[in-house]
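This is what each chain is made of:
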Amino acid sequence: MPKAMQYTKGSVIYFEGDHDDRVFIMQAGAVVLQSTDIETGAPVIEQVKSGEFFGVKSAFGHFGREETATALVPTIAVALTVQEFEVLFSNNKQLIMKMLRVFSNQLRQIHKKTESILNNISVDQQSGMLSVAQCFYDDEQYRSAMDVYLKFLTRYPQNPRKEEIAKKYADCKMRHERMAAQGRRGILDTPVETDDGSLKIFSLPAFERFAKEYEPGQVIIAEYEPGDSFYLIQSGRVQLVKSVNGTLKNLDILKPGEFFGEMAILDKSPRSATCMAAGHVKCLEFNKENFELLITGNPQTALVLLKLFCKRIYDQKRRFRILCIKDLQARLADVFLMLDEMNPVSNPAEKARRFNVTLSDIAHWAGLTQEVTHDEINKLVEKRKIEMYDSYIIVSNIADMRRMYETRSGNANR
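Residue numbering note: each chain is counted from 1, following its sequence as written. Only residues with pLDDT of at least 70 get local features here, since the model is predicted, and only at 80 or more are side-chain atom pairs given and counted; chain-wide, interface and lining totals rely on the full set of residues. Just so you know, side-chain values use all the structure's heavy atoms and leave hydrogens and water out.

Novice: Just to check I follow, could you spell out the packing of aromatic side chains for this structure?
Specialist: Two aromatic rings, taken as a pair, are described by how far apart their centres are and by the angle between their planes. Classification of ring pairs uses Phe, Tyr and Trp, with its six-membered ring standing for Trp, and accepts pairs whose centres are within 6.5 Å; under 30 degrees between planes counts as stacked, over 60 as edge-to-face, and the remaining range as tilted. Throughout the structure, instances matching the rule amount to 14 aromatic pairs. Ring geometry for Phe60 versus Phe85: centroids 5.4 Å apart, planes at 80°, classification edge-to-face. With Phe60 in helix α1 (residues 56-61) and Phe85 in helix α2 (residues 82-90), this residue pair connects regions lying 25 residues apart in the sequence. When its relative accessible area of 5% is taken as the criterion, Phe60 is described as buried. Summary of the burial criterion: residues with accessible area below 20% of their type's maximum are buried, those above 50% are exposed, and those between are partly exposed, where the area comes from a 1.4 Å probe applied to protein chains only. Judged by relative accessible area, Phe85 falls into the buried class, the value being 0%. Each ring, one from Tyr137 and one from Tyr142, has its centre 5.4 Å from the other, and the planes form 75°; the classification is edge-to-face. Take Tyr137: its relative accessible area is 21%, and that puts it in the partly exposed class. Assessed through its relative accessible area of 9%, Tyr142 is described here as buried. An aromatic cluster is defined as three or more aromatic residues linked by ring pairs; in this entry it consists of Phe210, Phe230, Phe259 and Phe286. Sitting over the face of the ring of Tyr14, Arg65 holds its NZ or CZ atom 4.1 Å from the ring centroid. Here the guanidinium or amino end of Arg354 rests over the ring plane of Tyr392, the centre of that ring lying 3.7 Å away. Strands here mean DSSP runs of E at least two residues long; helices mean DSSP runs of H or I at least four residues long; both are numbered from the N terminus. Only when the NZ atom of a Lys or the CZ atom of an Arg is both within 6 Å of the ring centre and within 35 degrees of the ring normal do we say a charge sits over the ring.

Okay, structure coming up:
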């Protein structure tokens, strides 16, 4: 059962970095949350008001607390387990929408900071869509380029460049059909995966009217286009890519049971990435009109979305922390530490780590050009800190990466 906790003035409810799966509701008194700004290192202070929740993201995401919570005056806060919070959350429509919008906004702000530090030039939606199509064309992913051009023509039929863009669409279509006739496969061709059963409710016949199927390389949503629908993957995988200064960067691969496109639904903003089918994909498509009805009528869906936002906020902040490191060797070391966190080994005492990543992957995570990354990686190879292969990298001693990160970045207490 939820438990009312009493705290004296100055008591610390939890420290930054603590692992604690409790969610708190302020009942009486005053609590201040203190954290550190990732980019500037300045303290960030936020006061919790009566009736508000705190500690939600770390509890749901099962990662360390992002802030220290301290009672400013004698305080009473109700502590709930994640399960208890889920029961309360699922029966409160207003709370569901409020929390999803708050987390959506937080994720959007982190995206903006990340783009800023990468010096990604801000463009308007129409120019942005055309630049994404050009990126696919330059990479000889003609099916994907064709889809983005078609989406553009559908969205903006009065654009003064429509004839030029229609010709580019036709050119992409011709090149795609030629490649298909030659039996050349696109770079995206992964095995079909099906849902593990975690979202059985979406297998009901009532949801079939929302089903959409996509071919390998087909663009489901394009970066910069207006957001008016979101998707749940039923089978197959979906590749997330982003255009950064004229180059496509791989962000993630989503599996069955995962959502994508939900952020634009909540804050009515343009798409922040392109989502394309990696192999044959089947999705359920939901629009703005039925979104609120869907999540409030299916509490489990709302909880899945909430947990997804918690994870994405954490992952994006983790990436942003890497980009804020000035020393390039320390930055690369922290990339390897992040990969180690993402791929826990069965025996943590083992020193060596193998990561199935390429030089291009490391450059993406570090926010560096491949040329700079190659030069910095070579320094680590010469020191025998790592071994570099075409499709994987071996770190000789992960503790060396930790020491390098702490020594050269000034984060010894992290």
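Here the narrative resumes, following the displayed structure.
Novice: Honestly, the sheet that holds strand β5 (residues 43-48) in this entry has me stumped. Any pointers?
Specialist: The pairing of strands in a sheet happens through backbone hydrogen bonds and is either parallel or antiparallel. In spatial order, the strands read β2-β7-β4-β5; together these four strands make up an open sheet with antiparallel pairing. Unpaired on one side and paired on the other, β2 (12-14) and β5 mark the two borders of the sheet. Averaged over all pairs of adjacent strands, the angle between their axes in this sheet comes to 30°, without regard to strand direction. Any two strands are treated as partners once DSSP identifies two or more bridges connecting them. Of the strand pairs in this sheet, β2 and strand β7 (residues 68-71) are connected by two bridges, and their pairing is antiparallel. Across the sheet, Val12 pairs through a bridge with Thr70, a residue of β7. All axes are obtained by fitting lines to C-alpha atoms, using only the stretch in contact for helices, and the reported angles, taken between N-to-C directions, cover 0 to 180 degrees.

Novice: Any chance you could explain α2 here in plain terms?
Specialist: Because the α-helix completes a turn every 3.6 residues, residues three or four places apart line up on one side. Along α2, the positions that sit buried rather than exposed are Val82, Glu84, Phe85, Glu86, Phe89 and Ser90. Considering only its buried residues, α2 is in contact with β3 (22-28), β6 (53-54), α1, β8 (75-81), α3 (93-117) and α9 (299-323). By definition, residues are in contact when any of their heavy atoms lie within 4.5 Å.

Novice: Whenever I open this one, the side chain of Thr373 confuses me. Can you help?
Specialist: Along the chain, the position of Thr373 falls in helix α12 (residues 370-382). By relative accessible area, Thr373 is classed as buried at 0%.

Note that all results are geometric; they support no functional claim without further evidence.
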